[in-house]
Amino acid sequence: TAAASKALKWNSSANGFETGDVGGSLVLISTTTASSSGTIDITSGIDSTYKEYQIHFTDVHPSADAPKFTCQFDTGTNTSYNQTITSTFFRAAQDESANDDFGYKTADDQGQGTGFQTLTGTIGGADNDKCCAGILQLFDPSNTTFVKHFVGRAHGLTNNNYAINEFAAGYINTTTAITRIRFKFDSGDIDAGTFKLYGVS
């Protein structure tokens, strides 16, 4: 059709969204399972092979009650996990009694901070069925010209029975290649959870 021909012609130009880019897939690189783990560290598989990496975390349950789930990044073989981050954080929430909450959370963002970045609010650990799940995206981590951008999208069940839908995003202020990521709760252990590292082809 004329419309299809026009679309093909448009996508054949150097517009940044070529027909060959449509239908990219996730390539599983590694799977890590937590079991009373202080941290989950992904220390291999993040390199120049892909322009985007995703970590899918599922059924992440804390040993303590009401900790926040967090992450940080590092370079080379370093283990300090204290990269400088500038980020934003907001959430939508509702509890089992239909009380709601929506807004920006200044306690969970960073302005050139070196702490761990919040991905979720306070997850319930006292109840065995409470957990969180989500996806962390890391863009072009091996680039040595630009800062590194990340986006986190997560959902959790809090200690006070709120369903929380949370959004974190920011940049890691370094032009050195990012090679590793650490996940942890801000108190207690990761009692259980599955972490899958994917490259986006």
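This is a predicted model, so every value here is computed, not measured.

Chemist: Tell me about the packing of aromatic side chains, and name the residues and values.
Modeler: A full pass over the atoms with the stated rule returns 10 aromatic pairs. Measuring from centroid to centroid gives 6.1 Å for F57 and F183, while their planes differ by 50 degrees, and the two rings are tilted. On the criterion of sequence distance, the pair formed by F57 in strand β3 (residues 52-62) and F183 in strand β11 (residues 178-185) is long-range, its members being 126 residues apart. Accessibility expressed as a relative area gives 2% for F57, which makes it buried. In this structure F183 comes out as buried when scored by relative accessible area, which is 0%. Geometrically, the ring pair formed by F73 and F150 is tilted, given 5.4 Å between the ring centres and 40 degrees between the ring planes. Placement of the pair is F73 in strand β4 (residues 68-75) and F150 in strand β9 (residues 148-157), with a sequence separation of 77 residues. Ring pairs connect the aromatic residues F57, F69, F183, F185 and F195, which therefore count as one cluster.

Chemist: Could you give an account of unusual backbone geometry, with specific residues and numbers?
Modeler: The phi dihedral of S36 falls on the positive side, at around 50 degrees, and the residue is not glycine. Structurally, S36 can be placed in strand β1 (residues 26-37). One non-glycine residue, D59, adopts positive backbone phi at about 50 degrees. Mapped onto the elements, D59 comes out in strand β3.

Chemist: Please provide a residue-by-residue account of the nonpolar core, values included.
Modeler: Counting 33 residues, the largest nonpolar core has F69, F73, L136, I181, F183 and F195 as the members making the most contacts within it. Every residue in contact with L136, bar those within four places of it in the chain, is listed here: Y53, Q54, I55, F57, C71, F73, L119, F150, V151, G152, I181 and F183.

Criteria and thresholds
Residues numbered from 1 in each chain as written. Predicted model: local features only at pLDDT ≥ 70, side-chain atom pairs only at ≥ 80, totals over all residues. Heavy atoms only, no water. Phe/Tyr/Trp six-rings, centres within 6.5 Å; stacked < 30°, edge-to-face > 60°. Helix = DSSP H or I, 4+ residues; strand = E, 2+ residues; numbered from the N terminus. Buried < 20%, exposed > 50% of the residue type's maximum accessible area, 1.4 Å probe, protein only. Core = buried A, V, L, I, M, F, W, Y, C linked by side-chain atoms within 4.5 Å. Contact = heavy atoms within 4.5 Å.

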